[in-house]
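Structure at a glance
Listed here are the chains, written in short residue letters.
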Amino acid sequence: MKPPRRKGPSALAVGVTVVVVVAHVLAWRATEFSPAALVRGWEGMADFLGQAFPPDLSWRVLGPSLDAALVTLYIGLLGTTLSVPFALGLALLAARTTTPGRWTYQAARSLLSFLRAVPDVVFALIFVTAVGLGPFAGVLALIFHNTGVMGKLWAEAMEEIDLGPRDALRVSGASGIQTAAHAVLPAVVPQFVGLLLYRFDVNVRASLVLGLVGAGGIGFLINQSIKLFRFDEMATHILVVLVLVVAVDQLSAFVRRGLT
Amino acid sequence: MSEAALVIRGLRKSYSGRQVLDSLDLDVRSGELVALLGANGCGKSTALRCAVGLETPDGGTVRVDGRPAMVFQQIHLVRRRSAIDNVCAGALGRLPLRRSLTPALFPRELREEAMACLDRVGLADRAAERAGRLSGGQQQRVAIARALCQRANVVLADEPVSALDPSAAEQVVALLADLAHQRGLAVGAVLHQPALARRHADRIVGMVAGRVVLDSPAVAVGDADVDALYLPAVTR
């Protein structure tokens, strides 16, 4: 018996392939992607790195660097923690399993999308104009942006649960808030904590960038040392950042392992 | 005879053109266990889901004495909460919001009542254990305790023992029969084990293609009656 002939690629597959290839060609040209330029300019890079090493590890630089790194950590911590109530409230409205109605669902989803679409750096610039340069603007920026991201992640976690326990309580006459509190939320606690730790991790790194626009922390010091051409000090700050990021990453990975 | 606790008349339901319930009539009286038998897809589960409001019927009426409680094949407890917290959750409908946002706010009388319900199903000693750590049969008994804590007069069970081993299944169905006879509950249970139904139920209702074709006291139901319910559609 003859096996059926293998089908050739469909018109859709051909079309998608063409579009993807064309997009990459356009992107290559628009970003002026050129390995040759990188090879030609290697001296500039070597010069820069030569000035950065060895890093200036004197206490005059390292002391303030550690202080600023701690501020960066604090910005990330407060930005994450203080966004929890807002993210939770919006997530409950924006999850199909808990939302009270279609309009609230759409409104909450739109608000979350907006908060997510505005980068935290832009929020930071806006809040700097209100509260001045400093870490407080960074915390505010993270609260807003993180509410958008974490609210969406939490809402999706709630949409993926088994609806049986919720239905069982709904049959018994429990209200929407009661079913959320006793069937939906208890089922997603591990996912929520995992996502919270992941966002803390991301936010500590984000608060670094916020420093670059004047919202305090070690990013601010990195920016300053670049402007003063003190690349050896910059290298010190970057080393401190490296240690901070790895420590936070390890900590959250450790907690998440213990969670499941 | 007094009016039944659950009265279903002329219930109709179809999914995308397929008629699942075709003018179904069903009564369940207080103090009796009614077993619903029938082949897969004959509409037993849909009938129960319409009765408790999880599905909206296309037509017909459902009258229930009070709010029914439902027991599911998949049990549907909150696995991360303790058995007693799960039982207390059955009472949410009559608690004010401020006493019910977390289990820590549940009134003491409720916890005592829940404990009595767990005791009734023989699991008082496991009250503090996480529901997810109990065996399937124990979890199903916790779910029944939750129905008791809801103070429901009508308990509907959708294949409550299909996922349990034979001895756990026997225990759960016997418990449902006991609750019907001693507490005067009206219990309707979809079962896939005709032998269990004939041992424990007071009345057996057989369904074929969305209609009731058999409704008689369990003692009067013979093997041929049961076999007829499961014949393939072509030979029917």
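Quick look at the structure, then. (Residues numbered from 1 in each chain as written. Chains lettered and ligands numbered in written order. Predicted model: local features only at pLDDT ≥ 70, side-chain atom pairs only at ≥ 80, totals over all residues. Heavy atoms only, no water.)

**Overview of the interface of chain B and chain A**
Between chain B and chain A, the residue contacts involve 25 residues of the former and 19 residues of the latter. Roughly 1800 Å² is buried in total at the junction of chain B and chain A, and carbon and sulfur atoms are behind 64% of that figure. When the area that chain B buries against chain A is broken down by residue, the three leading residues are His 76, Arg 80 and Leu 92 of chain B, summing to 27%. At the junction of chain B with chain A, the criterion picks out 0 salt bridges. On the surface where chain B and chain A come into contact, there are 8 residue pairs in polar contact (both at pLDDT 80 or more). Those elements that provide at least two residues to the side of chain B that touches chain A are helix H1 (44-52) and strand E5 (69-72) of chain B. Class assignment of the residues belonging to the side of chain B that touches chain A gives a composition of 14 nonpolar, 6 polar and 5 charged. (Contact = heavy atoms within 4.5 Å. Buried area = accessible area lost by both parts, 1.4 Å probe. Salt bridge = Lys/Arg side-chain N within 4 Å of Asp/Glu carboxyl O. Polar contact = N/O pair within 3.5 Å; in protein donor to acceptor, adjacent residues only side chain to side chain. Helix = DSSP H or I, 4+ residues; strand = E, 2+ residues; numbered from the N terminus. Nonpolar A, V, L, I, M, F, W, Y, C, P; charged D, E, K, R; others polar.)

**Thoughts on empty space enclosed by the protein**
Within the structure shown, the criterion is met by 2 cavities of 30 Å³ or more. When its volume is computed, the largest cavity comes out at roughly 60 Å³. At the level of secondary structure, the elements contributing two or more residues to the lining of the largest cavity comprise helix H9 (164-171) of chain A together with E5 and helix H4 (136-149) of chain B. Looking at side-chain class alone, the lining of the largest cavity contains 5 nonpolar, 2 polar and 1 charged residues. (1 Å grid on protein atoms, 1.4 Å probe; cavity = no way out; pocket = protein on both sides within 12 Å on 5 of 7 lines; lining within 4 Å. Points joined across faces, edges and corners; volume = space filled by probe spheres on them.)

**Structural notes on the side chain of Glu 55 of chain B**
All names here are of chain B. Relative to the assigned elements, Glu 55 resides in the loop between H1 and strand E4 (59-64). In this structure the side chain of Glu 55 is engaged in a polar contact, spanning 3.2 Å, whose partner is the side chain of Tyr 15. Setting aside residues no more than four positions away along its own chain, Glu 55 makes contact with Lys 13, Tyr 15, Arg 49 and Cys 50.

**Brief notes about the packing of aromatic side chains**
Residues and elements named next belong to chain A. In the structure shown here, the tally under the stated rule is 7 aromatic pairs over all chains. Geometrically, the ring pair formed by Phe 127 and Phe 144 is tilted, given 5.1 Å between the ring centres and 50 degrees between the ring planes. Of this pair, Phe 127 sits in helix H7 (residues 120-131) while Phe 144 sits in helix H8 (residues 135-159); the two residues are 17 residues apart in sequence, bridging distant segments of the chain. Note on Phe 144: relative accessible area 35%, which makes it partly exposed. Here Trp 154 and Phe 192 contribute two aromatic rings whose centre-to-centre distance is 4.4 Å and whose plane-to-plane angle is 5 degrees, an arrangement assigned as stacked. Linking Trp 154 in helix H8 with Phe 192 in helix H10 (residues 176-212), this pair joins segments that are 38 residues apart in sequence. Comparing Trp 154 with Phe 192 shows no difference in burial state: the two are buried. One aromatic cluster is present, formed by Phe 48, Phe 229 and Phe 231 through successive ring pairs. (Phe/Tyr/Trp six-rings, centres within 6.5 Å; stacked < 30°, edge-to-face > 60°. Buried < 20%, exposed > 50% of the residue type's maximum accessible area, 1.4 Å probe, protein only.)

**Overview of the sheet that holds strand E8 (residues 203-208) of chain B**
Residue and element names in this part refer to chain B. In spatial order, the strands read E5-E6-E7-E3-E8-E9; together these 6 strands make up an open sheet with mixed pairing. The sheet is open, and its two borders are formed by E5 and strand E9 (211-217), each paired with just one other strand. Each neighbouring strand pair of the sheet contributes to a mean axis angle of 20 degrees, computed without reference to strand direction. Pairing between E5 and strand E6 (residues 154-158): 4 bridges, direction parallel. Residue Met 70 lies in a different strand from E6, and its bridge partner there is Leu 156. Strands in contact with H4 are E5 and E6; relative to E5, the strand with the most contacts, it is inclined by about 175 degrees. (Pairing = 2+ DSSP bridges. Axes fitted to C-alpha atoms, helices over the stretch in contact; angles between N-to-C directions.)

**Description of unusual backbone geometry**
Of the consecutive residues Phe 53 of chain A and Pro 54 of chain A, the connecting peptide bond is found in the cis state with omega at -5 degrees. Here Phe 229 of chain A, not a glycine, exhibits a phi torsion of approximately 55 degrees, which is positive. Counting through the fold element by element, Phe 229 of chain A comes out in the loop between helix H11 (218-227) and helix H12 (231-259). Located in the positive-phi region is Ser 16 of chain B, a residue other than glycine, with phi close to 35 degrees. Inspection of the secondary structure puts Ser 16 of chain B in the loop between strand E1 (6-15) and strand E2 (18-28).

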